[in-house]
Amino acid sequence: QVQLVESGGGLVQPGGSLRLSCAASGFTFSSAPMSWYRQAPGKERELVAAISGAGGTTNYADSVKGRFTISRDNAKNTVYLQMNSLKPEDTAVYYCKNLWLTYWGQGTQVTVSS
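A brief structural summary. (Residues numbered from 1 in each chain as written. Predicted model: local features only at pLDDT ≥ 70, side-chain atom pairs only at ≥ 80, totals over all residues. Heavy atoms only, no water.)

### A word on the overall build of the protein chain
Turning to step 1, where the next piece is worked out: Tallying secondary structure elements over the protein chain gives 0 helices and 10 strands in all.
Turning to step 2, where the next piece is worked out: For the protein chain, the C-alpha radius of gyration of 13 Å lies close to 13 Å, the compact-globule estimate for 114 residues.
Turning to step 3, where the next piece is worked out: By residue count, 44% of the 114 residues in the protein chain fall in the buried class.
Turning to step 4, where the next piece is worked out: Counting contacts in the protein chain only where the partners sit at least 6 residues apart, residues at least 24 apart contribute 53% of the total.
Turning to step 5, where the next piece is worked out: By element, 48% of the accessible surface of the protein chain is carried by carbon and sulfur atoms, the whole surface being about 5900 Å².
Turning to step 6, where the next piece is worked out: A distance of 4 Å separates the average location of the 10 positive side-chain charges in the protein chain from that of its 7 negative side-chain charges. (Helix = DSSP H or I, 4+ residues; strand = E, 2+ residues; numbered from the N terminus. Rg over C-alpha atoms; globule rule 2.2 N^0.38 Å. Buried < 20%, exposed > 50% of the residue type's maximum accessible area, 1.4 Å probe, protein only. Contact = heavy atoms within 4.5 Å. Areas by Shrake-Rupley, 256 points an atom, 1.4 Å probe, with all protein chains shown as cover. Lys, Arg positive; Asp, Glu negative; His and termini not counted. Charge placed at Lys NZ, Arg CZ, Asp CG, Glu CD.)

### What about the pattern of salt bridges?
Turning to step 1, where the next piece is worked out: Evaluation of the coordinates by the stated rule reveals 4 salt bridges.
Turning to step 2, where the next piece is worked out: In this structure, the salt-bridge partner of D90 is R38, at a minimum N-O distance of 2.9 Å. Here D90 is found in the loop between β8 (78-83) and β9 (92-98), whereas its partner R38 is found in strand β4 (residues 34-39), with 52 residues between them in sequence. By the burial criterion, D90 is buried, and R38 matches it.
Turning to step 3, where the next piece is worked out: One salt bridge connects D62 with K65, and the closest N-O pair in it is separated by 3.2 Å.
Turning to step 4, where the next piece is worked out: Owing to a relative accessible area of 66%, D62 belongs among the exposed residues under this scheme.
Turning to step 5, where the next piece is worked out: The network of salt bridges with common partners includes R38, E46, R67 and D90. (Salt bridge = Lys/Arg side-chain N within 4 Å of Asp/Glu carboxyl O.)

### Topic: the sheet that holds strand β7 (residues 68-73)
Turning to step 1, where the next piece is worked out: Within the open sheet, the 4 strands sit side by side as β1-β3-β8-β7. Their pairing is antiparallel. If you trace the sheet from one side to the other, it starts and ends with β1 (3-7) and β7, each paired once. Along the sheet, successive strands turn relative to each other by an average axial angle of 15°, direction set aside. (Pairing = 2+ DSSP bridges. Axes fitted to C-alpha atoms, helices over the stretch in contact; angles between N-to-C directions.)

### Considering the state of the cysteines
The term disulfide refers to a covalent linkage connecting the sulfur atoms of a pair of cysteines.
Turning to step 1, where the next piece is worked out: Enumeration according to the criterion identifies 1 disulfide in this entry.
Turning to step 2, where the next piece is worked out: One disulfide in the model links C22 with C96; its S-S distance is 1.8 Å. Placement of the pair is C22 in strand β3 (residues 18-25) and C96 in strand β9, with a sequence separation of 74 residues. Considered together, C22 and C96 belong to a single accessibility category, that of buried residues. (Disulfide = S-S within 2.5 Å.)

### A closer look at the environment of A49
Turning to step 1, where the next piece is worked out: Along the polypeptide, A49 turns up in strand β5 (residues 46-51).
Turning to step 2, where the next piece is worked out: Given the relative accessible area of 1%, A49 is considered buried.
Turning to step 3, where the next piece is worked out: Sequence separation of A49 and V64 is 15 residues, and the distance between their C-alpha atoms is 8.4 Å.
Turning to step 4, where the next piece is worked out: For A49, the residues in contact, after removing those within four places along its chain, are M34, S35, W36, N59, Y60, I70 and L81.

Written out as structure tokens, the structure reads:
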């Protein structure tokens, strides 16, 4: 049974930082390309960042390049998203996803507001 459990969201001021975590189970994590998506109110879910199974290749949406960093710890079956220089437009529910599967976790809310 595939499980994806996101955590680490919260309320942060503009310019602040948050680190999201996603604990995965139910599949061979170390070989799975993983990703972070986000969905803001009234908008479609969008891909934010992705990382290859071994972690050597990463990709980012233009809107977050230079501010967000995706990483993974295959020993812990966990993928992370370090978010720096946060902006109000980063406010959304953030989800992690195995790019090969259609399962979604419950997401974690990130709110950037003063």
